[in-house]
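Residue strings, one per chain:
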Amino acid sequence: MRKLAAGNWKMNGLTAQLPEVTALIAAHPSPSCDVLLCPPSTLVAAMASTAAGRIAVGGQDCHPKASGAHTGDISAAMLKDAGASYVILGHSERRADHGEGDALVRAKAEAAWVAGLIAIICVGETEAERDAGKTLAVIGTQLAGSVPDGASSANTVIAYEPVWAIGTGRTPTLPEIAEVHADIRARLTARFGADAAGFRLLYGGSVRQSNAAEIFALPNVDGALVGGASLKASDFGAIVAALSAA
Ligand code: PEP
């Protein structure tokens, strides 16, 4: 399995930031992991052109339909046409800001596959859910509802992102991350059999240069989904280097 360092620029980035992509590629010309950046949709085509296949480019969301009267939305085929090969789906910010539920995330994943995109499906508990001891149950429900039956290691990546760890500088303990990733792997195995071993399971939530190596050393952690630290080539490059060395 090729591990994956994925960056989520969220609603950040203008064309003036594209040199960060050039700098990242120059500093890490042949990493031993896959590298992906997901800029806002306005930058997908330009970033794909800048990256020229040296790193992958992805979207941050797509509509479940291929086309139609959906003002302001973007389809998976449009992302693919612009040069994307991945799309992040069910990020907690979309679940919270746009009321996205598991059924919608599942439909989006199926739309992503039809367009030829790899779906990165995000799951994660809130702080209240963790405090109540519901973490594994919440993630089990999200996985069951958000991951379609057609998922495979080739078309789907799972990102475990505790909501309370995103952008806060806080992370679960290493045993807590390992526990959740083991549980996700077990649930995928129960559902998809031997192919579950090949699904890439990303940890996301305040991954930084300072904690990347210890997180990547955990079993069943096959990469990271990185927000804030993906915006600068130097920060993200350090995480790419840590994953390459893991
Ligand atoms: C994210 O947005 O998916 C994320 C993990 O953000 P951050 O790395 O900034 O916590």
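Criteria and cut-off values
- Residues numbered from 1 in each chain as written.
- Predicted model: local features only at pLDDT ≥ 70, side-chain atom pairs only at ≥ 80, totals over all residues.
- Heavy atoms only, no water.
- Core = buried A, V, L, I, M, F, W, Y, C linked by side-chain atoms within 4.5 Å.
- Buried < 20%, exposed > 50% of the residue type's maximum accessible area, 1.4 Å probe, protein only.
- Contact = heavy atoms within 4.5 Å.
- Helix = DSSP H or I, 4+ residues; strand = E, 2+ residues; numbered from the N terminus.
- Polar contact = N/O pair within 3.5 Å; in protein donor to acceptor, adjacent residues only side chain to side chain.
- Near = heavy atom within 4 Å.
- Areas by Shrake-Rupley, 256 points an atom, 1.4 Å probe, with all protein chains shown as cover.
- Nonpolar A, V, L, I, M, F, W, Y, C, P; charged D, E, K, R; others polar.
- Pairing = 2+ DSSP bridges.
- Right-handed = clockwise from strand over helix to strand, strands pointing away.
- Phe/Tyr/Trp six-rings, centres within 6.5 Å; stacked < 30°, edge-to-face > 60°.
- Axes fitted to C-alpha atoms, helices over the stretch in contact; angles between N-to-C directions.

A. Examining the nonpolar core more closely. Counting 64 residues, the largest nonpolar core has Val21, Ile158, Ile184 and Phe216 as its most contacted members. The contact partners of isoleucine 184, leaving out residues within four places of it in the chain, are Val123, Ile139, Leu143, Ile158, Tyr160 and Leu201. Within the second largest apolar cluster, 14 residues are counted, among which are Ala56, Ile118, Cys122 and Leu202.

B. Geometry of the environment of aspartate 222. Here aspartate 222 is to be found in the loop between helix H9 (209-216) and strand S8 (223-226). The class for aspartate 222 is buried, based on a relative accessible area of 6%. For the pair aspartate 222 and alanine 5, spaced 217 residues apart in the sequence, the C-alpha separation amounts to 8.7 Å. Residues within four places of aspartate 222 in sequence aside, it is in contact with Met1, Lys3, Leu4, Arg185, Phe199, Arg200, Leu201 and Leu202. A distance of 2.8 Å separates polar atoms of two side chains, one belonging to aspartate 222 and the other to arginine 185.

C. Structural view of the site of the ligand. Close to the ligand lie 14 residues, the nearest being Lys10, Glu161, Gly167, Ser206 and Gly227. For the ligand, an oxygen atom lies 2.6 Å from a polar atom in the backbone of glycine 167. Contact with the protein chains hides 98% of the accessible area of the ligand, taken as 300 Å² for the molecule alone. Of the residues contributing to the shell around the ligand, the split by class is four nonpolar, eight polar and two charged.

D. Representation of the pairing of strand S1 (residues 4-8) within the structure. Burial within S1 is extensive, with five of its five residues counted as buried. Where burial is concerned, the two faces of S1 agree: the one with Leu4, Ala6 and Asn8 and the one with Ala5 and Gly7 are both buried. Two elements, S1 and strand S2 (residues 34-38), share five bridges in a ladder whose sense is parallel. Each residue of the ladder has a partner; that of glycine 7, found in S2, is leucine 37. Handedness of the crossover joining S1 and S2 through helix H1 (residues 19-27): right-handed. As paired elements, S1 and S8 share four bridges and run parallel to each other. Its bridge partner being in S8, leucine 4 is matched across the sheet by glycine 223.

E. Up close: the side chain of serine 92. Checked against the element boundaries, serine 92 lands in helix H4 (residues 92-97). Aside from chain neighbours lying at most four places away, what touches serine 92 is Val163 and Ile166.

F. Spatial organisation of the packing of aromatic side chains. Within this structure, the stated rule accounts for two aromatic pairs. On the numbers, 5.6 Å between centres and 25° between planes, the contact of phenylalanine 192 with phenylalanine 199 is stacked. Residue class for phenylalanine 199 comes out buried when judged on its relative accessible area of 0%.

G. Broad picture of the sheet that holds strand S5 (residues 118-123). What the eight strands build is a closed barrel, ordered S1-S2-S3-S4-S5-S6-S7-S8; its pairing is parallel. Across the sheet, the mean angle from the axis of one strand to that of its neighbour is 25°, orientation sign disregarded. Across the face of the sheet, helix H10 (residues 233-245) comes into contact with S1, S2 and S8 while running at roughly 160° to S1.

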